[in-house]
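# Coordinates in review
The primary structure of each chain is shown beneath.
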Amino acid sequence: MATLQPRRFKTISEFHQFRELPKPEHPLISVINLELVKQLPTNETGLVKDFYSIALKRNFNARMKYGQQEFDFNEGLMFFMAPGQVLKIEMEKDTTLQQSGWMLLVHPDFLWNTPLAKTIKHYEYFDYSVNEALFLSEKEEAIMAGIVESIQQEYHANIDRFSQEIIIAQLELLLKYADRFYQRQFITRKIANHKILNRLEKLIADYFNSDDLMKQGLPTVQYVAENLNLSPTYLSGLLKLVTGQTTQQHIHDKLIEKAKEKLSATDLSVSEIAYELGFEHPQSFSKLFKTKTSLSPLEFRQSFN
């Protein structure tokens, strides 16, 4: 049986038509009032848009799966999608869709030949929003809504040679505020973050105490993130804020702790320790150990004698 492919929308006009909305006033940028959207897909194949999507939803009575995460929109919740990402929406049969909020659609062609065409890719929430949406306070939500309203007013007006520049400036402002609010969210969700750190510590400890280390080598950032149900970018961002280190640096630090334990408490040779820690070449282990401790493994061992 053939696998159904997600439905793809190459233009904003195609998406408007699918949602039974009026034709967009501008072909490359559009603000949608979500109260007007009543049409939902009739299957679970997913939707793919070839343009950026920034939305704030409330009172959403369906289930939305973005990546591997399921979101609940009973509270105001903002999320960001880059072109090519898959979205699935599911709801109970014979249920009428209810939602409020707004959605901003921006085609990459609108950003062509502007600095934002490159810098928009640097906003990490377009990656880790797969696992972490943005919860806004009333004040924050009002700020974002005000910027989106300004964008809408600008393209409603007569388009002139200043229009794109003004809208791009508003988009940059929206993205910078989102960046600020994400950083605030990292801080205000300390309890949840520390629970993630506790799970991370246990995950790495269990891995290091199993045969996986010798058989498969060091756990990758991707492996760790997947087992914590987070995206690699979000996990590294969280660790950087809380510990000052990336995920890779954190893994290496735990490895060095294990190496120090073996060097000080066993008679294993440096080569044997390197192999037990998943290194194919002892030289690679020695190089990493010296980088982290300023001592070679033998110098560290001798310091205990």
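So, here's what we can say about the structure. (Residues numbered from 1 in each chain as written. Predicted model: local features only at pLDDT ≥ 70, side-chain atom pairs only at ≥ 80, totals over all residues. Heavy atoms only, no water.)

## Structural notes on the overall build of the chain
The helix and strand tally for the chain stands at 13 helices and 10 strands. The buried share of the chain, taken over its 305 residues, is 46%. Restricting to contacts in the chain with at least 6 residues of sequence separation, those with at least 24 account for 72%. For the chain, the accessible surface area stands at approximately 16800 Å², while carbon and sulfur atoms represent 49% of it. (Helix = DSSP H or I, 4+ residues; strand = E, 2+ residues; numbered from the N terminus. Buried < 20%, exposed > 50% of the residue type's maximum accessible area, 1.4 Å probe, protein only. Contact = heavy atoms within 4.5 Å. Areas by Shrake-Rupley, 256 points an atom, 1.4 Å probe, with all protein chains shown as cover.)

## Quick look at the pattern of salt bridges
Evaluation of the coordinates by the stated rule reveals seven salt bridges. A salt bridge links Arg184 to Glu140; the shortest N-O distance between them is 2.6 Å. Remark: Glu140 occurs in helix H4 (residues 138-156) and Arg184 occurs in helix H5 (residues 163-188); sequence separation between them is 44 residues. Judged by relative accessible area, which is 24%, Arg184 ranks as partly exposed. Assessed through its relative accessible area of 11%, Glu140 is described here as buried. (Salt bridge = Lys/Arg side-chain N within 4 Å of Asp/Glu carboxyl O.)

## Some details on the side chain of Lys258
Note on placement: Lys258 falls in helix H10 (residues 247-265). Here Lys258 is buried and forms no salt bridge, its nearest opposite-charge partner Glu261 lying at an N-O distance of 4.1 Å. Not counting residues within four places of it along the chain, the set of residues in contact with Lys258 comprises Phe208, Asn209 and Leu277. (Lys, Arg positive; Asp, Glu negative; His and termini not counted.)

## Section: the sheet that holds strand S9 (residues 100-106)
One open sheet holds the five strands; their spatial order is S2-S9-S4-S7-S10, and the pairing between them is antiparallel. Two strands bound the open sheet, and with one partner strand each, they are strand S2 (29-33) and strand S10 (134-135). Sheet contacts for H4: S2, strand S4 (52-58), strand S7 (77-81), S9 and S10; angle to S2, the most-contacted strand, approximately 125 degrees. (Pairing = 2+ DSSP bridges. Axes fitted to C-alpha atoms, helices over the stretch in contact; angles between N-to-C directions.)

## Some remarks on the nonpolar core
In terms of nonpolar packing, the biggest core is built from 33 residues, with Met78, Leu104, Phe126 and Leu171 touching the most fellow members. Elements represented by at least two residues in this core include exactly S2, S4, S7, S9, helix H3 (125-128), H4 and H5. For this core, the element with the most residues is H5, which contributes eight residues. Grouped together as the second largest cluster of nonpolar side chains are 30 residues, Ile196, Leu228, Leu277 and Phe279 included. (Core = buried A, V, L, I, M, F, W, Y, C linked by side-chain atoms within 4.5 Å.)

## Comments concerning helix H9 (residues 232-243)
Taking 1.5 Å per residue, 12 residues should reach 16 Å; H9 reaches 16 Å between its end C-alpha atoms and fits that length. Of the residues making up H9, those classed as buried are Tyr234, Leu235, Ser236, Gly237, Leu238 and Leu239. Downstream of H9 by a residue or two, Gly244 has a phi angle that is positive, lying close to 80 degrees. (Expected span 1.5 Å × (residues − 1).)

## Re empty space enclosed by the protein
Once rolled over the atoms, a probe with the size of a water molecule shows which space is left empty. The final tally for this structure, using the stated rule, is two cavities of 30 Å³ or more. Put simply, the second largest cavity is a space of about 40 Å³. As for the second largest cavity, its lining consists of Tyr52, Ile54, Val106, Leu111, Leu116, Ile120, Leu171 and Leu175. Residue assignment for the lining of the second largest cavity shows that the elements contributing at least two residues are S4 and H5. Taken together, the residues of the lining of the second largest cavity sort by class into eight nonpolar, no polar and no charged. (1 Å grid on protein atoms, 1.4 Å probe; cavity = no way out; pocket = protein on both sides within 12 Å on 5 of 7 lines; lining within 4 Å. Points joined across faces, edges and corners; volume = space filled by probe spheres on them. Nonpolar A, V, L, I, M, F, W, Y, C, P; charged D, E, K, R; others polar.)

## With respect to the side chain of His16
Mapped onto the elements, His16 comes out in helix H1 (residues 12-18). In this structure the side chain of His16 is engaged in a polar contact, spanning 2.8 Å, whose partner is the side chain of Ser30. Residues within four places of His16 in sequence aside, it is in contact with Leu21, Pro22, Lys23, Pro24, Ser30 and Ile32. (Polar contact = N/O pair within 3.5 Å; in protein donor to acceptor, adjacent residues only side chain to side chain.)

## Some remarks on the packing of aromatic side chains
Following the criterion strictly, the structure yields 13 aromatic pairs and no others. Aromatic side chains Phe80 and Tyr125 sit 4.3 Å apart centroid to centroid with 40 degrees between the ring planes, which places their arrangement in the tilted category. Taken together, the residues Phe80 in strand S7 and Tyr125 in helix H3 connect sequence positions 45 residues apart. In this structure, Phe80 and Tyr125 share a single accessibility class: buried. Counting every residue linked through ring pairs, the aromatic cluster contains Phe9, Phe15, Phe18 and Phe51. (Phe/Tyr/Trp six-rings, centres within 6.5 Å; stacked < 30°, edge-to-face > 60°.)

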